[in-house]
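Here are the chains, one letter per residue:
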Amino acid sequence: MTQNISLIRSSKLPSIDYAYASYVPSEMDLFFMAGACPLDATGRVPEQSGYEEQAKLCVDNLKSALKECGAELKDVAYTRVLVASSDQSDLVTAWQAVREEFGSHDVPSTLSGVTVLGYSGQVVEIEAVAALSKE
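This one's a predicted model, so the numbers in the text were calculated from it and none came from an experiment.

Novice: Would you take a moment to explain the state of the cysteines for this structure?
Specialist: When the sulfur atoms of two cysteines share a covalent bond, that bond is a disulfide. Scanning all chains against the criterion turns up 0 disulfides. Looking at the unpaired C37, the closest cysteine sulfur is the one in C58, lying at 6.3 Å.

Novice: Just to check I follow, could you spell out the pattern of salt bridges for this structure?
Specialist: Close approach of charged atoms allows side chains of opposite charge to pair. Counting across every chain of the model gives 8 salt bridges. Its salt-bridge partner being R9, residue D106 comes within 2.4 Å of it at the nearest N-O pair. Taken together, the residues span a long stretch of sequence, with D106 in the loop between α2 (88-102) and β5 (109-114) and R9 in the loop between β1 (6-8) and β2 (21-23) at a distance of 97 residues. On the basis of relative accessibility, which here comes to 48%, the residue R9 falls in the partly exposed class. In this structure, the salt-bridge partner of K74 is D75, at a minimum N-O distance of 3.3 Å. Relative accessible area serves as the criterion here: at 52%, K74 is assigned to the exposed category.

Novice: Explain the packing of helix α1 (residues 51-68) against α2 to me, please; I cannot follow it from the model alone.
Specialist: Geometry of a packed helix pair, given as the angle between the helix axes and the separation of the axes. Axis separation between α1 and α2 bottoms out at 8 Å; the angle between their running directions is 35 degrees. By crossing handedness, the relation of α1 to α2 is classed as right-handed. Judged by residue contacts, Y51, E52, A55, K56, V59, D60, L62 and K63 of α1 engage D90, T93, A94, A97, V98, E100, E101 and F102 from α2. Residue classes in the contact of α1 with α2 are distributed as 8 nonpolar, 1 polar and 7 charged.

Novice: How should I be thinking about a nonpolar patch on the surface in this particular structure?
Specialist: Together, L13, I16 and Y20 give the surface a local cluster of nonpolar side chains, amounting to about 250 Å² of exposed area. Topologically, Y20 is positioned in the loop between β1 and β2.

Novice: Mind showing me how you'd approach α1 here?
Specialist: The end-to-end C-alpha distance of α1 is 26 Å, a good match for the 26 Å that 18 residues give at a rise of 1.5 Å each. For α1, every residue scored as buried is listed here: Q54, A55, L57, C58, V59, L62 and L66. In this fold, the buried residues of α1 make contact with β3 (28-36), β4 (76-84), α2 and β6 (124-133). Following α1 by one or two positions, G70 adopts a phi angle in the positive range, close to 85 degrees.

Novice: Can you walk me through unusual backbone geometry in this structure?
Specialist: With the exception of glycine, most residues fall at negative phi, and the peptide bonds are largely trans. Positive phi, close to 60 degrees, is recorded for Q48, a residue that is not glycine. Topologically, Q48 is positioned in the loop between β3 and α1. Q48 gets classed as exposed once you look at its relative accessible area, which sits at 80%.

Novice: Can you help me understand the nonpolar core in this one?
Specialist: For soluble globular proteins, the rule of thumb is that nonpolar side chains tend to be buried together. One finds L62, L66, V81, V98, F102, V124 and I126 to be the most contacted residues of the largest nonpolar core, which totals 28 residues. Residue assignment for this core shows that the elements contributing at least two residues are β3, α1, β4, α2 and β6. Among the elements that take part in this core, α2 stands out by supplying 6 residues, more than any other. If near-sequence neighbours (up to four positions away) are discounted, L66 is found in contact with M33, A71, E72, L73, V76 and A130.

The rules behind the values
Residues numbered from 1 in each chain as written. Predicted model: local features only at pLDDT ≥ 70, side-chain atom pairs only at ≥ 80, totals over all residues. Heavy atoms only, no water. Disulfide = S-S within 2.5 Å. Salt bridge = Lys/Arg side-chain N within 4 Å of Asp/Glu carboxyl O. Helix = DSSP H or I, 4+ residues; strand = E, 2+ residues; numbered from the N terminus. Buried < 20%, exposed > 50% of the residue type's maximum accessible area, 1.4 Å probe, protein only. Axes fitted to C-alpha atoms, helices over the stretch in contact; angles between N-to-C directions. Left-handed = near helix turned anticlockwise from the far one by under 90°. Contact = heavy atoms within 4.5 Å. Nonpolar A, V, L, I, M, F, W, Y, C, P; charged D, E, K, R; others polar. Patch = residues over 30% accessible without salt bridge, like charges linked within 9 Å, V, L, I, M, F, W, Y side chains within 5 Å. Areas by Shrake-Rupley, 256 points an atom, 1.4 Å probe, with all protein chains shown as cover. Expected span 1.5 Å × (residues − 1). Core = buried A, V, L, I, M, F, W, Y, C linked by side-chain atoms within 4.5 Å.

Right, here's the structure in full:
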């Protein structure tokens, strides 16, 4: 039997644009993805790239890493989006780009502003946990 991640919404909490929780059946394998960084084909953060562009590049790189595991975005059970900024509008810009890429798979997520990320010029990074049926 194929197992699926269940996204859980709340009727008692405010309506938001992502699920409050996800349920992963015990029969599924979990994949803890390293932070997807906005690296181009040369292994560098594109110069002069902003929050939206970097968020989309992070999702593209996450998709590639997931594919190596046999997974897709629909198999993601949780994300953490890290944005190097203290300006809430920068976080919202990155978040909107990530949500657009995930489409209707409104996986539970945490959005955090941080002081700095690992690569020169990097302002966005996405961590993820994915789950796949063991079949």
